[in-house]
Each structure stands twice: as structure tokens, then as C-alpha cells.
Amino acid sequence: MAFLAKVKQSFGTTFSFFSESFAELKKVRWPSRKELTSYTLVVLFTIVLVTVYFWVLDIGISALVELIV
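All of these numbers come straight from a predicted model, not from anything done at the bench.

Chemist: Give me the pattern of salt bridges: which residues, what numbers.
Modeler: All told, the structure shown has two salt bridges when counted by the stated rule. Here E24 ties to K27 by a salt bridge, and the two come within 3.2 Å at their closest N and O atoms. In this pair, E24 and K27 both sit in helix α1 (residues 2-27), three residues apart, roughly one turn of the helix. Classification of E24 by relative accessible area gives partly exposed; the value is 46%.

Chemist: Pulling in residues and values, what's your account of the packing of aromatic side chains?
Modeler: Tallied over the entire structure, the rule returns two aromatic pairs. With a centroid separation of 5.2 Å and an interplanar angle of 70 degrees, the aromatic rings of F17 and F18 are classed as edge-to-face. Of the residues examined, F17 reaches a relative accessible area of 51% and is grouped as exposed. Taken together, a centroid distance of 5.2 Å and an interplanar angle of 70 degrees make the contact between Y53 and F54 edge-to-face.

Chemist: Could you give me a rundown of a nonpolar patch on the surface, with the residues and numbers involved?
Modeler: Together, V50, Y53, F54, L57, I61, V65, I68 and V69 make up an exposed nonpolar region whose accessible area comes to about 850 Å². In this structure, V50 sits in helix α2 (residues 33-68). A relative accessible area of 41% means that V50 is categorised as partly exposed.

Thresholds applied
Residues numbered from 1 in each chain as written. Predicted model: local features only at pLDDT ≥ 70, side-chain atom pairs only at ≥ 80, totals over all residues. Heavy atoms only, no water. Salt bridge = Lys/Arg side-chain N within 4 Å of Asp/Glu carboxyl O. Helix = DSSP H or I, 4+ residues; strand = E, 2+ residues; numbered from the N terminus. Buried < 20%, exposed > 50% of the residue type's maximum accessible area, 1.4 Å probe, protein only. Phe/Tyr/Trp six-rings, centres within 6.5 Å; stacked < 30°, edge-to-face > 60°. Patch = residues over 30% accessible without salt bridge, like charges linked within 9 Å, V, L, I, M, F, W, Y side chains within 5 Å. Areas by Shrake-Rupley, 256 points an atom, 1.4 Å probe, with all protein chains shown as cover.

As C-alpha cells, this is what we get:
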């Protein structure tokens, strides 16, 4: 009987978790299409900048290694 009580409690806890999560998601303010587009462009632009930065840094370090070797 103790096993069944633990299983029932486990399912109750799991159900409670999902119902509370769903309630919290209802409170979230989701971005509009315009906001989402601008945020996406900012992220993509940042990724491009960081990629170019590391590419230039890699070329510079490679050139220094070639001079040393």
C-alpha cells in the first residue's frame, strides 16, 4: 500500500508542476512580431560581428605563428 501511495503522490506532484507551469506561461508577455523581428536581427548581427572578430584574430595569430616558425 505504501508503494501505491508514493506513486499517487508522484503523479500528483507531476500534475501540479505542469498545471503551475501552464499558469505561469499565461502571465508571460510575449513579444509582438515587430519586436521579435528586431530582436532576431540584433542577435544575427551580433553573431556576425563576433564571427568576423574571431576570424580576424585567427588570421593574425596564424600570421604571427608563421613568422615565428
